[in-house]
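# Coordinate analysis (summary)
Next come the chains, spelled out residue by residue.
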Amino acid sequence: MSNVNDIETRALPVLALRGLNIFPGMLLNFDVERPISVAALNSAMNDDQEIFLVTQKDIATDMPEERDLYRIGVVCRIRQMIRQPGSKLCKVMVEGVQKGAIVKITSDTPHFLGEIELMPNKIERGESAKKDALMRTCIGMFDEYLQLAGNLPPEMLLNIVVSRDPGYVADYIAHNLRIDYRDKQRLLEELHPLKRLEMLMSILSHEIEVMTIEQELNDATNEQMNRNQREYFLREQMKVIQQELGEDDTFDDIGEYRRKIRALKLDNEIEEKLLKEVSHLAKQPFGSTEATVIRGYLDTCLELPWNTKTVETDDIELARKMLDEDHFGLEKVKERVIEYLAVRKLAPKASGILLCLVGPPGTGKTSIAMSIARATNRNLVRISLGGVHDEAEIRGHRKTYVGSMPGRIIGGIKQAKSSNPLMVLDEVDKLGSDYRGDPSAALLEALDPEQNKTFRDNFLEVPYDLSDVFFITTANTTDTIPRALLDRMDIIELSSYTDEEKLCIAKNHLLPKQRKKHGLKAAQLKISDDAIREIISLYTRESGVRGLERQIGTICRKTAVAIANGERKSLSLRAGMLKPYLGAEKFKPEKHRNKDEIGLVHGLAWTSVGGEVLDVEVAVVDGSGKLELTGNLGNVMKESCQAAVTYIRSRAKALGIDEQFYKNKDIHIHFPEGAVPKDGPSAGITVCTAIVSALTGRAARRNIAMTGEISLRGRVLPIGGLKEKTMAALRNGINTVIIPTDNEPELDEIDPTVKAALNFVLADSVDKVIDVALLGKGDEATSEIKTPRTRKRASSDIRQ
C-alpha cells in the first residue's frame, strides 16, 4: 500500500459531507445514503480504501455539484463500512490522514472523482513560549467547556495534555467541539497551527459564555420547578394530615368559598355549578394559571347581589313630588312611572319595566331617568352604549380567556349592589355592529320580560334573574334601533321644549343649579324673565336646554369674577343688558317678508334637534322643459318634486296653466341653505304649491306654512314630527299651518301654547292647499303678521 505522505497529488473518489467536518488524525462515524456517496465509498473500497471527504456549503442541497463544495477537505482511510440489510443506508467509520485541496473534479458520474493536492501543516519556527502559552490556554478553556457541557467524558482531555504538537491539539479540540460546521471549516482551512489555536481561543471563549448563560437559565428554571413541586407536596401532605386528624376545611380558602356559596341560598343549578368550580380549584396546584382563573370567576359570582334588593317606595305622592322637583314638564314619563308604582303597590310580584325615552338632545332623557331612580328608591347604574360594536360588551367573555370579564349588564348589577336597580342604557340608537357580533341582538334577551328571568352571561355560565330590573333606554331617534329590539320597548317621545317651557325650566331649575355651582346666592344674581327670553331667542337655538344652561353658567362666572374683585356686590340682569356678559347676539332676528311673493312658500321640516321652517323657491323661465333641483337634496325629496310636477301636468287646465309648460318652460326648484342635507317626502305639497304659484303668477301667503306628502292623484298623505314642526312655525311668526287630515289626532299632543297661537287647516287634497295658500292675481294678504322671531338652521340632516 502506498504512503500518501510521499505523494503531492492524487486522483481520489470525493464524498460530500452534510453538516459534518473531519480533521487529520481524527475518527468520524457517519451514515451514507445518497447514491453518489455510496458509489464513492464502493470505489474507494475496491481500490486502496482511501477517499477524500469535503464538506458541502449548504446542507439543504441534496445533489451537490462542484461549486457547492468547499475546496479544502481531508484525505481519509476507511476503517469500517457496514451495509444495512434491505436498505441503501451504510454506516462508515473513517480516519483523517492529511489535509488536501481539490484541484479539479475530473468526473461526476457515478460519483465525484477529483485530483487532490495534499496540504501539510506549515512548520512554526521559534517562539516556543508563545506556542506553549497558546496550547495551555486552549487546553484550559477546553477543560472548562467539558465541565459546562456535562455530557462529554473528561477522559477526552487526556489525549491532548501530553501532546507537544500544536496542530494536533488544535485539530483535536476543533473536532470535538459542538459548533457550527462553517466555523470548523474555517479552522480546517487555516494551515498555521498557532493561528489555528488563536482562532480556537476566540471560539471557545464565545461558547463558554453562551453555555454559562444557558446554565444560569436552567438553574433558575429548575429552582422554580423545585419550589412549585415542594409546595405541591407540602399541601398534599397537609390535606392528608387534616384528613387523618378529622379536621375539616374551615380555615382554608376552599372551605370559605363553600360556606359563602351555601349561605347565598341559590337555585340548585347555580349552587351545583359554583361548588363544582370550588372542587376543581381544590385540585389545582398552588399558583397555577387555572387556579387564578377559577378564583377570579368565583370572586365575581360571589360579589353579585343574588338575593339583595332595595325596598321600593310605595308612597306615590312622594314619588310624584320628587319627579316634579327635579324636572318641569315631561308629563308622559312621570305618568308612566306613577302607573308602574301603583301596579307594584297592588301586585308586588309584578316584573320590571322597560321604557325607551326618545327625543332630541338636551330634553332631559338621562336626567329624568336619574330622578326616577330617586323617586322609586332604586340604586342607579348608567351604561353608555354609544359606539359599542362588540357583542361581548353586553354578554361578556368566556372565562377561559385571559382578562375575561362579565358583560356590561352583569357588571352594572355588580356595581349597583342590588338585583333590582334602575339601569339606564344610554344612546341605544348608536349601537354598532361588525365582525365581532351585533350588540343589539345580545340585548334582546336582557330586555325581554319573558326571557330575562334566566339571562345568561358568557362569563357566569349560569342564569341570572333580571326580571326585577327597571330598564330605561334613551335615544335621539328610533330609525336606527332594530325592529326586534324596538318591539320590546315602551316608547315615550320627548318633544322639543317651547320658549315658555324653557323659561320655566331656566327659572326653577337651571338658574338655581348654576348659582349653587358657582357659589352665588339668590340675592347676588337675579335674571329677569325678559332677559331669559332674550337668552333663549338671541343666544340659543335648540330643542333642549343644554345651550341655555351654558349661557346661564357664563353669566354666573362673570358675576363671580366681578364680586370676587370687589367691583360689585350683586347683579340684576334685565333685557338689553346681556351683551357685556354673553357677547354679540348669535342669532339675529330674521326680517320677515313684508309682502307676499310668487314662487316662495314656507315648508316645515323635522331635524334631530327639533323642527325648522324650510323655504321652497321656484323659478320658471323659458326653455325646453328641464327640471333643475338644487339644495343638497336626497333621493326621496327629489322623487317628491317629480311627483308634484307630474300632478300639475295632469291638472294644468284646471289650474289655469299652459298645458305645454313642460315643453317650453324650465323649472328650477331650490331649497336654501344648500350646505345642509335634506331628505324626506313631507315637502311634497310645499313644492307643488310653489310651482303652481310660479306658473300661474299667484303670490303665496307669507304667514302660512305647510307640511304633507303628495301623491300623483293629488292626495295629501300624513307625515311625522308634527309637534316639532308646529313649534318651529310658532317661533318663526307663522300663524297658519296646513297639515294632512290624517294627522288630526296628533293635534291633541301639541303643546297648548302652540295650539292656541296657531290656526290649523286640515287638507286631504292639493286643491284645498292651493286655495288656502295662494292669493288671486293682484290680491293682497289680509292676515296679520306676528312679531318676527329668530331662526338658525341646525347643522344636521333635515327630514321633511
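Residues numbered from 1 in each chain as written. Predicted model: local features only at pLDDT ≥ 70, side-chain atom pairs only at ≥ 80, totals over all residues. Heavy atoms only, no water.

A word on the sheet that holds strand 8 (residues 380-384). Reading across the sheet, the 5 strands line up as 8-9-12-7-13 and stay open at both edges, with parallel pairing between neighbours. Bordering the open sheet on either side are strand 8 and strand 13 (490-493), each of which pairs with just one other strand. On average, each strand axis in the sheet is tilted by 20° relative to the strand beside it, whichever way the strands run. Both strand 7 (residues 354-358) and strand 13 contribute to a ladder of 4 bridges, which runs parallel. Pairing of C356 across the sheet is with I491, part of strand 13. Across the sheet, helix 14 (residues 408-416) lies against strand 8 and strand 9 (422-426), angled at about 155° from strand 8, the strand it touches most. Sitting on the sheet, helix 15 (residues 439-447) touches strand 7, strand 9 and strand 12 (470-475), and the angle it makes with strand 12 is about 145°. (Pairing = 2+ DSSP bridges. Helix = DSSP H or I, 4+ residues; strand = E, 2+ residues; numbered from the N terminus. Axes fitted to C-alpha atoms, helices over the stretch in contact; angles between N-to-C directions. Contact = heavy atoms within 4.5 Å.)

Looking at the chain, the pLDDT average stands at 82 and 92% of residues meet or exceed 70. Confidence, read as mean pLDDT per element, is least for strand 28 (residues 798-799) in the chain (40) and greatest for strand 3 (residues 50-55) (93). Residue range residues 1-6 is modelled with pLDDT below 50. Its contacts to residues more than four positions away, or to other chains, number 11 contacts. Segment residues 781-800 is flagged for pLDDT under 50; beyond a separation of four residues in sequence, or across chains, it makes 79 contacts in the model. (pLDDT = per-residue confidence, 0-100.)

As a further point, take the packing of aromatic side chains. Counted under the stated rule, the structure contains 5 aromatic pairs. Geometrically, the ring pair formed by F661 and Y662 is edge-to-face, given 6.2 Å between the ring centres and 90° between the ring planes. Taking the relative accessible area as the measure of exposure, F661 reaches 2% and is therefore buried. Taking the ring centre of Y662 as reference, the NZ or CZ of R649 above it sits at 3.7 Å. (Phe/Tyr/Trp six-rings, centres within 6.5 Å; stacked < 30°, edge-to-face > 60°. Buried < 20%, exposed > 50% of the residue type's maximum accessible area, 1.4 Å probe, protein only. Lys NZ or Arg CZ within 6 Å of the ring centre and 35° of its normal.)

On to the pairing of strand 6 (residues 112-118), then. Every second residue of strand 6 is oriented toward a common face, the buried set being F112, G114, I116 and L118 and the non-buried set L113, E115 and E117. Note: strand 1 (residues 9-17) against strand 6, 6 bridges, orientation antiparallel. Paired with T9 across the two strands is E117, which belongs to strand 6. Pairing between strand 5 (residues 90-107) and strand 6: 6 bridges, direction antiparallel.

Where the residue is not glycine, phi is negative for most of them; where a peptide bond is considered, it is trans in most cases. Each neighbour pair has its own omega, and for T109 with P110 the value is -5°, a cis peptide bond. Here P110 lies in the loop between strand 5 and strand 6. Backbone geometry places K417, a non-glycine residue, at a positive phi of 60°. Residue placement: K417 occurs in the loop between helix 14 and strand 9. Taking relative accessible area as the criterion, K417 reaches 61% and is therefore assigned exposed.

What follows deals with the packing of helix 17 (residues 499-517) against helix 18 (residues 529-539). Where helix 17 meets helix 18, the axes come as close as 10 Å, and the angle between the chain directions of the two elements is 120°. With respect to each other, helix 17 and helix 18 are oriented oblique. Judged by the sense of rotation from one axis to the other, the crossing of helix 17 with helix 18 is right-handed. Mapping the contact onto sequence places D499, E500, K502, L503, A506 and K507 in helix 17 and D529, I532, R533 and I536 in helix 18. Per-class residue counts for the contact of helix 17 with helix 18 are 4 nonpolar, no polar and 6 charged. (Parallel < 35°, antiparallel > 145°, perpendicular 65-115°, else oblique. Left-handed = near helix turned anticlockwise from the far one by under 90°. Nonpolar A, V, L, I, M, F, W, Y, C, P; charged D, E, K, R; others polar.)

The next point concerns the packing of helix 11 (residues 331-346) against helix 12 (residues 365-376). Running from amino to carboxyl end, helix 11 crosses helix 12 at an angle of 25°, the nearest separation of the two axes being 11 Å. In terms of axis orientation, helix 11 runs roughly parallel to helix 12. Between helix 11 and helix 12 lies a crossing whose hand is right-handed. Residues V333, V337 and L341 of helix 11 form the contact with helix 12, whose own contacting residues are I368, I372 and T376.

Another aspect to go through is helix 10 (residues 316-326). Every buried residue of helix 10 is accounted for by A319, M322 and L323. Buried residues of helix 10, seen end-on, are gathered within an arc of 95° and therefore sit on one face of the element. Turned more than 90 degrees from where helix 10 packs its buried face, E317 and K321 sit exposed. On its buried face, helix 10 sits against helix 11 and helix 12. (Arc of directions from axis to C-beta.)

Position of E585 among the secondary structure elements: in the loop between helix 20 (579-582) and strand 16 (597-598). The class for E585 is partly exposed, based on a relative accessible area of 32%. Separated by 48 residues in sequence, E585 and S537 have C-alpha atoms that sit 9.4 Å apart. Apart from residues lying up to four places away in sequence, E585 is in contact with L538 and Y539.

Quick look at the pattern of salt bridges now. Should the charged atoms of two oppositely charged side chains come close, the side chains can pair. Counted under the stated rule, the structure contains 29 salt bridges. Linking R186 and D183 is a salt bridge whose minimum nitrogen-to-oxygen distance equals 1.9 Å. In this pair, R186 and D183 both sit in helix 5 (residues 181-189), 3 residues apart, roughly one turn of the helix. R186 sits in the partly exposed class, given a relative accessible area of 46%. One network of salt bridges, in which partners are shared, links R10, D48, E50 and R77. (Salt bridge = Lys/Arg side-chain N within 4 Å of Asp/Glu carboxyl O.)

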